[in-house]
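Structural features, examined
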Amino acid sequence: MKKLVVLTGAGMSAESGISTFRDSGGLWEQYKIDDVATPEGWRRNPALVLEFYSQRRKQLLTTQPNDGHLALAALEKDFDVQIITQNVDNLHERAGSTHILHLHGELTKVRSTGGGEEVFELAEKDYDVKLGDTCPKGYQLRPHIVWFGEAVPEIENAIKLTEKADVFLVIGTSLNVYPAAGLLNYVPAGVPVFLIDPNDVPVYRQGVTVIRNGASEGMKQLIPQLLKCC
Ligand code: OAD
């Protein structure tokens, strides 16, 4: 089977009711990145940071994968689909996709601040993480999220996957944030690239097929093209 590598961003989950970051009304209009998505913000006010991510987790309980997520999961019968997502939600998993690399971490996990990078999966009943919630060794738990200014440990694996792509697909990302946005540079020459987004996204690569639509409708348009070309 051909390897379809898919890079997804916040727009993938927009139709599920999860706000994007940079669209009008997006999360970065409501919160300051510095306050809730940086190590400095965590040091200044960890309670605020924990509350921000607890809210995001609670939102997961009321949202469902949309037709775009489901279509990607269904493509596993025709392609070896590997998803590289910048999203910290679990909607790809819940849609049934089986190969998902989370570049920016996962909302449903927390990790110890005591070093050693111990990661813990949260039960739904524990989604509201507070100051004073600790790992078994007694260290405060923090969200398992890659904040601005932190290393992106999965980027090497994402590059390796991208280099092996037979087809590359980008869905719902403004390509503003590196190193994720730079993955396109690792797509081998000659490999078809498709991009689904309702808005203009700057892509510095020749020959990208742009489907200017939301994730669900965009996937419907893409599938016949994909099956024909690849
Ligand atoms: P952005 O908010 O920057 O971009 C969202 C993209 O989704 C835009 O290009 C929109 O046009 C598009 N979009 C909106 N509605 C859509 C729909 N229905 N279907 C498809 N696309 C749609 O989000 P990201 O590019 O994912 O990092 O942002 C990258 C990173 O910046 C995030 O992972 C997050 C953020 O700060 C961290 O928090 C570490």
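The structure this text deals with has already been given above.
Just so we're clear, the structure is a prediction, and the values are computed from it rather than from any experiment.

Regarding its fold elements, the protein chain presents 9 helices and 9 strands. Taking 2.2 N^0.38 as the reference for a compact globule, 230 residues should give roughly 17 Å; the C-alpha atoms of the protein chain span a radius of gyration of 18 Å, in line with that estimate. Seen through its principal axes, the protein chain has C-alpha atoms that stretch 55 × 35 × 30 Å. Considering only contacts within the protein chain whose residues lie at least 6 apart along the sequence, 64% involve residues at least 24 apart. Carbon and sulfur atoms make up 50% of the accessible area of the protein chain, which totals about 11,100 Å². Placing the 23 positive and 29 negative side-chain charges of the protein chain at their respective mean positions leaves the two points 1 Å apart.

Now for the site of the ligand. In the region of the ligand, 24 residues are neighbours, and Arg22, Thr173, Ser174, Asp197 and Asn199 sit closest. Measuring from an oxygen atom of the ligand, one finds a backbone N or O atom of Phe21 at 2.8 Å. One nitrogen or oxygen atom from the side chain of Asp197 is found 2.6 Å from an oxygen atom belonging to the ligand. Out of a free accessible area of 800 Å², the ligand has 93% covered by protein chains. Residues belonging to the shell around the ligand are distributed by class as follows: 10 nonpolar, 10 polar and 4 charged. The residues that make up the shell around the ligand include at least three from each of domain 1 (1–18 + 65–104 + 151–230) and domain 2 (20–62 + 109–145).

Our focus in this paragraph is unusual backbone geometry. Note the cis peptide between Tyr178 and Pro179, where omega equals 10°. Examined against the element boundaries, Pro179 turns out to sit in the loop between strand S7 (167–171) and strand S8 (193–196).

All right, on to helix H8 (residues 155–163) then. Of all the residues in H8, the buried ones are Ile155, Ala158, Ile159, Leu161 and Thr162. Seen along its axis, H8 keeps its buried residues to an arc of 165°; they face one direction.

The strand order across the open sheet formed by 3 strands is S5-S4-S6, and the pairing between neighbours is antiparallel. Of all the strands in the sheet, just strand S5 (119–121) and strand S6 (141–145) have a single pairing partner and so form its edges. When strand polarity is set aside, the average angle formed by the axes of neighbouring strands in this sheet is 45°. Note: strand S4 (residues 105–112) against S5, 3 bridges, orientation antiparallel. Bridge assignment links Val110 to a residue of S5, and that residue is Phe120. Its contacts with the sheet place helix H5 (residues 46–60) against S4 and S6, and it is angled at close to 140° to S4.

Attention shifts here to the pattern of salt bridges. Counted by the stated rule, this structure contains 12 salt bridges. With a shortest N-O distance of 3.0 Å, Lys109 and Glu106 are connected by a salt bridge. Relative accessible area serves as the criterion here: at 16%, Glu106 is assigned to the buried category. With a shortest N-O distance of 3.0 Å, Glu217 and Lys220 are connected by a salt bridge. Here Glu217 and its partner Lys220 are both found in helix H9 (residues 215–229), 3 residues apart, which amounts to about one turn of the helix.

Conventions used here
- Residues numbered from 1 in each chain as written.
- Predicted model: local features only at pLDDT ≥ 70, side-chain atom pairs only at ≥ 80, totals over all residues.
- Heavy atoms only, no water.
- Helix = DSSP H or I, 4+ residues; strand = E, 2+ residues; numbered from the N terminus.
- Rg over C-alpha atoms; globule rule 2.2 N^0.38 Å.
- Contact = heavy atoms within 4.5 Å.
- Areas by Shrake-Rupley, 256 points an atom, 1.4 Å probe, with all protein chains shown as cover.
- Lys, Arg positive; Asp, Glu negative; His and termini not counted.
- Charge placed at Lys NZ, Arg CZ, Asp CG, Glu CD.
- Near = heavy atom within 4 Å.
- Polar contact = N/O pair within 3.5 Å; in protein donor to acceptor, adjacent residues only side chain to side chain.
- Nonpolar A, V, L, I, M, F, W, Y, C, P; charged D, E, K, R; others polar.
- Domains from an automatic or database assignment.
- Buried < 20%, exposed > 50% of the residue type's maximum accessible area, 1.4 Å probe, protein only.
- Arc of directions from axis to C-beta.
- Pairing = 2+ DSSP bridges.
- Axes fitted to C-alpha atoms, helices over the stretch in contact; angles between N-to-C directions.
- Salt bridge = Lys/Arg side-chain N within 4 Å of Asp/Glu carboxyl O.

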